[in-house]
Amino acid sequence: MNRRTFIKTLCAVAAATTLCGSQTIACASGAVRTVDDEDLKDYLHSMANFDLPHMGDIILINTQLALLKSSLKRLRRIQRTVGFGNFCILSFDEALLYARQNSSIGSFTKKELSFLDYTFSFDASNYGFYGERTISNITSRVSKKDLVKIQGSGNFLYRGQPHETYKSIKKLLGKKVYLTSGVRGTMKQFILFLSKAAANNGNLSLASRSLAPPGYSFHGVGDFDVGEAGLGVANFSIKFARTETCMQLREQGYLKLRYPRENMLGVRFEPWHIKVKDIKL
Ligand SMILES: [Zn+2]
């Protein structure tokens, strides 16, 4: 992370207060805070304990948290209706249509829609997430003709380099390795990010240390996750780094990590996340 970005984050929290009641690292208006060893120590400490709340985290106030929860419940009802696989690639407009047409889901309220819209357009560096924005429009859609359904996984991959990369990993490791998460459209990223925030009292910064905020995930443009058969949810934990599968992937050069250990992007170490090269944003 460069100094300018880090300072921006420390100072930008004031801009977040319309969305969030915040426990912030206060930054007096106009003050420039330099990045010193203490800042770096704080950063590394919070990343080593990514799943705990930290001073400076952006946390939703009660009314906003209520909106997050009602939007999330509606998204979950849509997911149940369309199925997990289809939900992975569902667009914003399609989600709205499903909600409107199914009385068991119910239309999103105006407040829920503006909450989703605001959350999507929010600058994630305010959370402490420094990854690039990958999708600029909330209504952008994944074209089904560009996708391949991966049998048995309930997930899709983009044709071309992502699919070819996965096929060569399968050739190398066979049944031991499987696709745990492929293409994720905007609504899928919303449900993951909001679920994590809801489970942590509306702490959006904490959520962003494990999950890219909607609009910032490379799963929307080609990256994917793999796991070792039999490891279950532990595939998304540090345990994966100790598996034979992970070791072989590293040896064969597949682990060109998007989020390496002690990265400065504000994202936990993710050895299971396969970075697909040559993604043009
Ligand atoms: Zn991933």
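It should be emphasised that the depicted structure is a prediction, and the values quoted were computed from it without experimental measurement. (Residues numbered from 1 in each chain as written. Predicted model: local features only at pLDDT ≥ 70, side-chain atom pairs only at ≥ 80, totals over all residues.)

Enquirer: Tell me what's going on with the overall build of the chain, and back it up with residues and numbers.
Expert: When its secondary structure is counted, the chain shows 10 helices and seven strands. A total of 281 residues make up the chain; the buried ones form 40% of that total. Taking the contacts inside the chain whose residues are at least 6 apart along the sequence as the reference set, 74% of them involve residues at least 24 apart. (Helix = DSSP H or I, 4+ residues; strand = E, 2+ residues; numbered from the N terminus. Buried ≥ 20, exposed ≤ 12 C-beta atoms within 10 Å, placed from the backbone. Contact = placed C-beta atoms within 7 Å.)

Enquirer: I'd love a proper account of the pairing of strand β6 (residues 224-228), names of residues and values included.
Expert: For β6, the buried fraction is high: five of the five residues fall into the buried class. Because side chains alternate across β6, one face comprises the buried residues F224, V226 and E228, and the other comprises D225 and G227, equally buried. As paired strands, strand β5 (residues 177-181) and β6 are joined by four bridges and run antiparallel to one another. Paired with Y178 across the bridge in β6 is G227. For β6 and strand β7 (residues 273-274), the ladder comprises two bridges, and the chain directions are antiparallel. Paired with F224 across the two strands is I274, which belongs to β7. (Pairing = 2+ DSSP bridges.)

Enquirer: Tell me what's going on with the packing of helix α3 (residues 62-82) against helix α6 (residues 110-121), and back it up with residues and numbers.
Expert: The interhelical angle for the contact between α3 and α6, taken along N-to-C directions, is 95 degrees, at an axis separation of 9 Å. Here α6 runs roughly perpendicular to α3, going by the angle between their axes. Taken together, the residues of α6 that come into contact with α3 (itself represented by L67, L68, S70, S71 and R74) are K111, E112, F115 and L116. (Axes fitted to C-alpha atoms, helices over the stretch in contact; angles between N-to-C directions. Parallel < 35°, antiparallel > 145°, perpendicular 65-115°, else oblique.)

Enquirer: Let's hear about α6: which residues, and what values?
Expert: Between its first and last C-alpha, α6 extends 16 Å over 12 residues, near the 16 Å set by a 1.5 Å rise per residue. Along α6, the residues classified as buried are F115, L116, T119 and F120. Take α6 and look down its axis: the buried residues cluster within an arc of 125 degrees, on one side only. Facing away from the buried surface of α6 by more than 90 degrees, the exposed residues are K110 and S114. Along its buried surface, α6 packs onto α3 and α8 (186-198). (Expected span 1.5 Å × (residues − 1). Arc of directions from axis to C-beta.)

Enquirer: Before we move on, can you summarise the nonpolar core with the specific residues and values?
Expert: Residues M187 and V226 are the most contacted members of the largest nonpolar core, which totals 58 residues. At seven residues, the largest contribution of residues to this core is made by α8. Contacts of M187, omitting those with residues within four sequence positions, involve L75, F87, L90, S91, F92 and A95. (Core = buried A, V, L, I, M, F, W, Y, C linked by C-beta atoms within 7 Å.)

Enquirer: With reference to specific residues and values, describe the sheet that holds β7.
Expert: Taken together, three strands build an open sheet; the order of strands is β5-β6-β7 and the sheet is antiparallel. Pairing within the sheet leaves two strands with one partner each, and these edge strands are β5 and β7. Against the sheet, helix α7 (residues 161-173) contacts β5, β6 and β7, and its axis sits at roughly 145 degrees relative to β5.

The values are spatial; any link to function lies outside them.
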